[in-house]
Amino acid sequence: MREREGFLDKLRVAATCAVVLLHTITGAMDITDMRPFPLEEKVFLTALDLICWCVPVFVLISGYLFLNPVRKISMRDMLARYCRRILLALFLFGVPYACLEQIALEHTFRMEMPGRAFFMVLRGESWSHMWYLYLILLLYLMTPALKRLLGIMSRPAVYALSAALFFAGSILPWLAGALKWEYPAALSGSIIYVFYYICGYLFAAGAEAQAGERVAVTEKESAAGKTPRRSGTERAAEGRKPMRAGALWALPGVSAALAVIMAVLRLAGIHTVRTVYSYPLTAVLALLLFGWGIVWGRSGGKSAKNTDFWKRAAALTFAVYLIHPVFLNFFYKFLHITPLSFCIWLSLPLFFLGTLLLSFAAAWVLYRVPVLRKYVL
């Protein structure tokens, strides 16, 4: 059994909170003509720039766990455990959501709606946030073959592959948008997530290598008798300690500076398109935040207080992701109120916090159901 890495729990919770805020904003924008709200639109777009790291971080976590070179996993394992969980979530939640969408559009319920909703899920036509489940299902199916490929590739070759994916999935789409070129959105959307997934592998491989070096140093230091002469590997591991300490402070500082740059570019009107997950600065910010999490976790953060709290909260995050649009749709489509109905500086935090708290409460209830906890959540 491997020791649980607590920084992943905190990243999951932080990314889930960011997703709820993201959908609080996009849900209001998607059903509103924003032309009468120029200030609010700029606030919304700036906030989106700063929180769209959440989905890349989710994919990085998956790559970190499933592509980890020390973890053995077969296609049978992926299908029988992980893909099954995603498929069950898709249909248990996606079909009712598709039914609700039909009822909202037609203002009535008919017996054929559940059957139609089932086929809507097969076509990917349920509520918009369910797209992530289709993505992660595809990545899971790719995992065994991708692990074999990465296992035979040299580290420089993997870095070169990652750079090529980043260029094709992030830089090119951004240039195409800025220069009004034609570039297939589906292509960039597919490539960038493979990039994040492989970056998760690179983080895991680097962390495992450093952990192995530290174990070697510890075993030598604890050996009985005269202390043996240290090897080059041991000296390198010792030399990385101040580097890790510097990174622990530098990474959040660089992340904050990048966030300020992103906000300035938006507020100054230099960056005008609606942010997506392939935006180069979003990709860099996600990598910085994930790297900070690893450095923090490997520097003793995993033994910090409240570990059990973060573990329990992280266990609810998948359910929160699945359930939170129910409350947003209730506010926006049933009650017909959005953050734009009030002063944005008060309403946006209140809508976000209200939705977040209701979602975690509902997730806690769902998690109490043994069959859901075991097979879905």
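Right above here is the structure, for reference.
So, how was this worked out
Residues numbered from 1 in each chain as written. Predicted model: local features only at pLDDT ≥ 70, side-chain atom pairs only at ≥ 80, totals over all residues. Heavy atoms only, no water. Axes fitted to C-alpha atoms, helices over the stretch in contact; angles between N-to-C directions. Helix = DSSP H or I, 4+ residues; strand = E, 2+ residues; numbered from the N terminus. Parallel < 35°, antiparallel > 145°, perpendicular 65-115°, else oblique. Contact = heavy atoms within 4.5 Å. Nonpolar A, V, L, I, M, F, W, Y, C, P; charged D, E, K, R; others polar. Core = buried A, V, L, I, M, F, W, Y, C linked by side-chain atoms within 4.5 Å. Buried < 20%, exposed > 50% of the residue type's maximum accessible area, 1.4 Å probe, protein only. Phe/Tyr/Trp six-rings, centres within 6.5 Å; stacked < 30°, edge-to-face > 60°. Lys NZ or Arg CZ within 6 Å of the ring centre and 35° of its normal. Salt bridge = Lys/Arg side-chain N within 4 Å of Asp/Glu carboxyl O. 1 Å grid on protein atoms, 1.4 Å probe; cavity = no way out; pocket = protein on both sides within 12 Å on 5 of 7 lines; lining within 4 Å. Points joined across faces, edges and corners; volume = space filled by probe spheres on them.

1. Observations concerning the packing of helix α4 (residues 75–106) against helix α6 (residues 131–152)
- Interaxial distance between α4 and α6 falls to 9 Å at its minimum, and their mutual angle equals 175 degrees. In terms of their interaxial angle, α4 and α6 are classed as roughly antiparallel. Between α4, through M75, M78, L79, Y82, C83, I86, L87, A89 and L90, and α6, the contact on the second element is made entirely by L133, Y134, I136, L137, Y140, L141, T143 and P144.
- Looking at the contact of α4 with α6 residue by residue, the classes come out as 16 nonpolar, one polar and no charged.

2. A few points about the nonpolar core
- Residues I25, F44, W53, L133, Y140, F290 and L377 are the most contacted members of the largest nonpolar core, which totals 112 residues.
- Per-element accounting of this core gives the leading share, 14 residues, to helix α8 (residues 185–222).
- Once residues within four sequence positions are removed from consideration, W53 is found in contact with A14, A15, A18, T282, L285, A286 and L289.

3. What about the packing of aromatic side chains?
- Per the stated rule, a full pass over the model turns up 24 aromatic pairs.
- With centroids separated by 6.1 Å and ring planes inclined at 65 degrees, the aromatic side chains of Y82 and Y140 adopt a geometry described as edge-to-face. Of the two residues, Y82 is situated in helix α4 and Y140 in helix α6; the sequence distance between them amounts to 58 residues.
- Under the relative-accessibility criterion, Y82 is labelled buried at 13%.
- When the ring centre of F318 is taken as origin, the NZ or CZ atom of R85, which lies over that ring, is 4.3 Å away.
- A cation over a ring is seen here: R373 above Y367, with NZ or CZ 5.7 Å from the ring centre.

4. Here's the deal with the pattern of salt bridges
- For the structure shown, the criterion picks out seven salt bridges.
- Linking R12 and D9 is a salt bridge whose minimum nitrogen-to-oxygen distance equals 3.4 Å. Taken together, the residues span about one helical turn, with R12 and D9 both in helix α1 (residues 6–30) at a distance of three residues.
- For R12, a relative accessible area of 22% gives the class partly exposed.
- Its relative accessible area of 2% is what places D9 among the buried residues.

5. Remarks on empty space enclosed by the protein
- What the rule picks out here adds up to two cavities of 30 Å³ or more.
- Approximately 40 Å³ is the volume found for the second largest cavity.
- Together, V19, L22, H23, C54, V55, W131, Y277 and Y321 line the second largest cavity.
- Listing elements by their share of the lining of the second largest cavity, those giving two or more residues are α1 and α3 (54–66).
- Counting residues per element, the lining of the second largest cavity draws most heavily on α1, at three residues.
- A breakdown of the residues in the lining of the second largest cavity according to their chemical character gives seven nonpolar, one polar and no charged.

6. Considering the side chain of T46
- Mapped onto the elements of the fold, T46 is located in helix α2 (residues 38–51).
- Residue classification places T46 among the buried positions, given a relative accessible area of 11%.
- Residue contacts for T46: discarding those within four places in its chain leaves A263, R266 and L267.

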